[in-house]
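# Results of the structural survey
Residue-level listing of the chains:
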Amino acid sequence: MTKLFRFTLFGLLLLGSSLMYGAQTPKYIFLFIGDGMGFNHVEATQIYAEKVGTDTGERSLLFPTFPVMTQVCTRSASHLITCSSAAATALATGEKTTNYVIGMDAEKKHGLKSLACQLKDKGYKIGIITSASIDHATPGGFYASQPDRSMYYEIGVDAANSGFDFFGGAGLLEPRNKRNPSAPCLYDLFNQKGYSMYRGMEAYNRNHAKDKVLLFPVDTIRGSLEYALDRSDKELGLPDLTKACLDNFEETAKKGFFMMVEGGKIDWAAHAHDAATVVTETIDFDQCIRMAYEFYKKHPNETLILVTADHETGGLGLGNSNMNLNIELLKHQQCSQEALTKTMREMKSGEMIPSWEDMKAFLKKNLGFWGQITIAPREELELLVCYEESFLKKKSKDVVSLYAKDEPLAVAAIALLDKKASIGWTTKTHTGAPVPLYAIGKQAHLYSGRRDNTDMANILRKLFTIK
Ligand SMILES: [Zn+2]
């Protein structure tokens, strides 16, 4: 073999392997995580969409129609029931860890590198989108390595150091280090690392940078985006963030991109046992997936869309008395339990305490009680007792769940509506139930069959021949 021939053969082999590599791997990867979204959360929302329809006129969710559908085991290294940070670590890095640890091994000895970080090394653009804050457990799993998910400042430092291209969410929970006041403010740190921060879509649309973007709502004090059910048109929503990131990447991501989009507050509403809000958050999440699907239709041979959850929240059951499922009753709920609580508190602290008749009118307007929904005398009595304890005797305490402290009468009223809608709940926290996985596009078939949460990252890692 002449030298020239050998050289040419070697060149051809190299070219072949790079073509093979390109042929195997998706160029555009979407990972949608419905936080807390179990099978029944999806089915309740699907029934709602069929019977009531969505705000945008659809009569079905899109993602349950994807050709690959299976179940994912969610257990963590320490518990059969995972927390969000251990689940995010598994989904993002392909390794299980102890509950409350984020991006580190189960013994908290070393940091784990996420697939997103590895794809970034390969030139992919990385976008992290969430309806929670960007330092929350699920987004954090993709860039942070900390022994505890509540170390928000340190997780924020990891975000600033990640070099990721687009962060969209409800801001940062601890921009200043509570334990060390001399440590730099995270907003300054992001700035030093070349990020441009925008508050609200108006500011973003005016003149935004193409590289290294932080997109937050105008008000970041809340720590999460408004629930879709409570959101005004002006307020930043998860679909806005998804669109902004996707538009940016369509223009700038020449080598490819990886986008993680978290419907973070499906979980929050489920912790609070607020079924109508679970359903509307899931519809909002589906709206984001529809955008990815439109993109997929333009690039079907290069795009992979994965939709899954980190765990199930609430033990949501479909059916609680007979063979009827009355999910459509949820349409009468006009705002979340959180918003109901807020208004009731304002009423309570006002000069005139509302009478029971005033309160009935309020519940009629917001939940359809005594109007479209029949309330039996014994059910009214239960609400009345709750009202008297809370509003007249001022004896009752807030009802505490993981992300909310709710007014007892609001909780009692929502519980009654959920019961009438045939929804049951088994727990205020997570369950060990498997979660669904839906996939479409390039290499989606590899995800069929019973899956583990670590497979999300590891199947792709194999394709990209990353260790
Ligand atoms: Zn949760």
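Residues numbered from 1 in each chain as written. Predicted model: local features only at pLDDT ≥ 70, side-chain atom pairs only at ≥ 80, totals over all residues. Heavy atoms only, no water.

## A word on the overall build of the protein chain
The helix and strand tally for the protein chain stands at 16 helices and 16 strands. Computed over its C-alpha atoms, the radius of gyration of the protein chain comes to 24 Å, within 12% of the 23 Å expected for a compact globule of 467 residues. Based on the C-alpha atoms only, the size of the protein chain along its principal axes is roughly 95 × 55 × 45 Å. Expressed as a percentage of the 467 residues in the protein chain, the buried residues total 58%. Pairs at least 24 residues apart make up 74% of the contacts formed inside the protein chain by residues separated by at least 6 positions. (Helix = DSSP H or I, 4+ residues; strand = E, 2+ residues; numbered from the N terminus. Rg over C-alpha atoms; globule rule 2.2 N^0.38 Å. Buried < 20%, exposed > 50% of the residue type's maximum accessible area, 1.4 Å probe, protein only. Contact = heavy atoms within 4.5 Å.)

## Focus: the domain arrangement of the protein chain
Here the domain parsing of the protein chain yields domain 1 (27-317 + 429-463) and domain 2 (336-421). Between the C-alpha centres of domain 1 and domain 2 the distance comes to 33 Å. Taken residue by residue, the interface counts 14 residues in domain 1 and 10 residues in domain 2. Taken together, the links from domain 1 to domain 2 amount to one salt bridge. (Domains from an automatic or database assignment. Salt bridge = Lys/Arg side-chain N within 4 Å of Asp/Glu carboxyl O.)

## Side note on the pairing of strand β2 (residues 68-73)
With five bridges connecting them, β2 and strand β15 (residues 435-441) associate as antiparallel partners. Counted as the bridge partner of Thr 70 is Leu 437 from β15. (Pairing = 2+ DSSP bridges.)

## As for the environment of Glu 251
Along the chain, Glu 251 turns up in helix α9 (residues 238-252). Between the C-alpha atom of Glu 251 and that of Lys 210, which follows or precedes it by 41 residues, the distance is 8.6 Å.

## Here we look at the confidence of the model for the protein chain
In the predicted model, the protein chain carries a mean pLDDT of 94, and 95% of its residues have values of at least 70. Within the model, the stretch residues 13-21 combines pLDDT values under 50 with two contacts to residues more than four positions away or in other chains. (pLDDT = per-residue confidence, 0-100.)

## Digging into helix α16 (residues 455-463)
Counted residue by residue, α16 has seven buried out of nine residues, so it is predominantly covered. Every buried residue belonging to α16 is among Asp 455, Met 456, Ala 457, Ile 459, Leu 460, Arg 461 and Leu 463, and all of these are buried. Directly beyond the C-terminal end of α16, a positive phi value near 50 degrees is found at Thr 465.

## Quick notes on unusual backbone geometry
In this structure, His 273 takes a positive phi of about 55 degrees despite not being glycine. Relative to the helices and strands, His 273 is located in the loop between α10 (265-271) and α11 (275-298). By relative accessible area, which is 16% here, His 273 ends up buried. Phi is positive for Thr 465, close to 50 degrees, though the residue is something other than glycine. The residue Thr 465 is located in the segment after α16 in this model. Looking at Thr 465, the relative accessible area reads 65%, which means it is exposed.

## Considering the pattern of salt bridges
Applying the stated criterion across every chain, the model contains 22 salt bridges. Of the charged contacts in the structure, one is a salt bridge between Asp 165 and Lys 125, with a shortest N-O distance of 3.8 Å. With Asp 165 in the loop between α6 (152-162) and β4 (166-168) and Lys 125 in strand β3 (residues 125-130), this residue pair connects regions lying 40 residues apart in the sequence. The buried category is assigned to Lys 125, whose relative accessible area is 12%. When the shortest N-O distance is used, the salt bridge between Glu 338 and Arg 222 registers 3.5 Å.

## Observations concerning the coordination of the zinc ion
Around the zinc ion, the donor atoms from the protein are Asp 267 (OD), Asp 267 (OD), His 271 (NE2) and His 430 (NE2), and they sit 2.1 to 2.4 Å away. Seen from the zinc ion, its four donor atoms lie at angles of 55 to 157 degrees, and the figure they make is irregular. Between the donor residues of the zinc ion, the gaps in sequence give the motif D-x3-H-x158-H. Of the two residues, Asp 267 and His 271 are both situated in helix α10; the distance of four residues between them amounts to about one turn of the helix. Residue classification places His 271 among the buried positions, given a relative accessible area of 1%. (Donors = N, O, S within 2.8 Å, 3.2 Å for Na, K, Ca; no water. Tetrahedral: all angles 85-135°; square planar, octahedral: opposite > 155°, others 65-115°.)

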